[in-house]
Amino acid sequence: LLRYMAMDAAAILAVLSLLFESKSFITWLRSDEEGDGNYRRWYFFLLLLFNPMSAYMANMSQFMLIQMSNPLTFQVIGNTKGLLNVFFDILFFGTQVSGLAALGYSITLTGVALYSRERRRS
């Protein structure tokens, strides 16, 4: 499915980017400034190549994980990832979390622990 959707999405995004961003892109290509906060051209094209490749690999690994396990395991992993993102956000950036959000994270953590325990039993 991903292989079939990727080409359609790329074509749609290419047309939309030409419609909405062509003037600024051409201006950027014509500029001679290589510094002062502007990306170098080779760096831009490297990002333009790396970004879709990494997104494709992330999606492919998710599809393979679902094939090897089941959708519920995949969902639990996704919830755990979200929980870890919030935890590290609080730890490193000092983000404040409301009581209701903390309750939700606690329920998520309890659910992950219970799911892990049940998976080990079977």
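Below is a summary of the structure that appears in this document. Position numbers for residues count from 1 along each chain, tracking the sequence in the order it is written. Under the rules for a predicted model, residues below a pLDDT of 70 receive no local features and side-chain atom pairs below 80 are neither given nor counted, while totals for whole chains, interfaces and linings still include all residues. For the side-chain quantities, the full set of heavy atoms in the structure was used; hydrogens and water were omitted.

Before going further, it helps to spend a moment on the pattern of salt bridges. Think of a salt bridge as a Lys or Arg side-chain nitrogen and an Asp or Glu carboxyl oxygen that are within 4 Å of each other. This structure, assessed with the given rule, holds two salt bridges. Between Arg-117 and Glu-118 there is a salt bridge, with its nearest N and O atoms 3.7 Å apart. Using a relative accessible area of 38% as the deciding quantity, one classes Glu-118 as partly exposed. Glu-118 serves as the salt-bridge partner of Arg-121, at 3.3 Å between the closest nitrogen and oxygen. In this pair, Arg-121 and Glu-118 are both assigned in helix H4 (residues 99–121), three residues apart and thus about one turn of the helix distant. Type-normalised accessible area, obtained with a 1.4 Å probe on protein chains alone, sets the label of each residue: buried when under 20%, exposed when over 50%, and partly exposed for intermediate values. Exposure remark for Arg-121: the relative accessible area of 59% places this residue in the exposed category. Secondary structure elements follow DSSP: runs of H or I of four or more residues count as helices, runs of E of two or more count as strands, with numbering from the N terminus.

Here the focus is a nonpolar patch on the surface. Residues form patches when they are more than 30% accessible in relative terms and have no salt bridge. Like charges link within 9 Å. Nonpolar side chains (Val, Leu, Ile, Met, Phe, Trp, Tyr) link within 5 Å. Here the open area of atoms and residues is found with the Shrake-Rupley method and a 1.4 Å probe, where only the protein chains shown may cover a residue. Residues Ile-12, Leu-13, Val-15, Leu-16, Leu-19 and Phe-20 make up a contiguous nonpolar surface patch of about 660 Å² in total accessible area. In this structure, Ile-12 sits in helix H1 (residues 2–30). Exposure remark for Ile-12: the relative accessible area of 52% places this residue in the exposed category.

Using a grid of 1 Å spacing that covers the protein atoms alone, one calls a set of points a cavity when a 1.4 Å probe fits there but cannot get out, and a pocket when the set is open and has protein on both sides within 12 Å along at least five of seven lines; lining residues are those with an atom within 4 Å of a point. Grid points are joined across faces, edges and corners, and a volume is the space filled by probe spheres set on the points. Computed from the structure, the second largest pocket encloses a volume of approximately 180 Å³. Around the second largest pocket, the lining residues are Thr-80, Leu-83, Leu-84, Val-86, Phe-87, Ile-90, Ala-102, Tyr-105, Ser-106 and Leu-109. Contributing elements (two or more residues each) for the lining of the second largest pocket: helix H3 (71–93) and H4. Considering every element that reaches the lining of the second largest pocket, the biggest residue donor is H3, with six residues. Residues are grouped as follows: Ala, Val, Leu, Ile, Met, Phe, Trp, Tyr, Cys and Pro are nonpolar; Asp, Glu, Lys and Arg are charged; every other residue, Gly included, is polar. Its residues placed into classes, the lining of the second largest pocket shows eight nonpolar, two polar and no charged.

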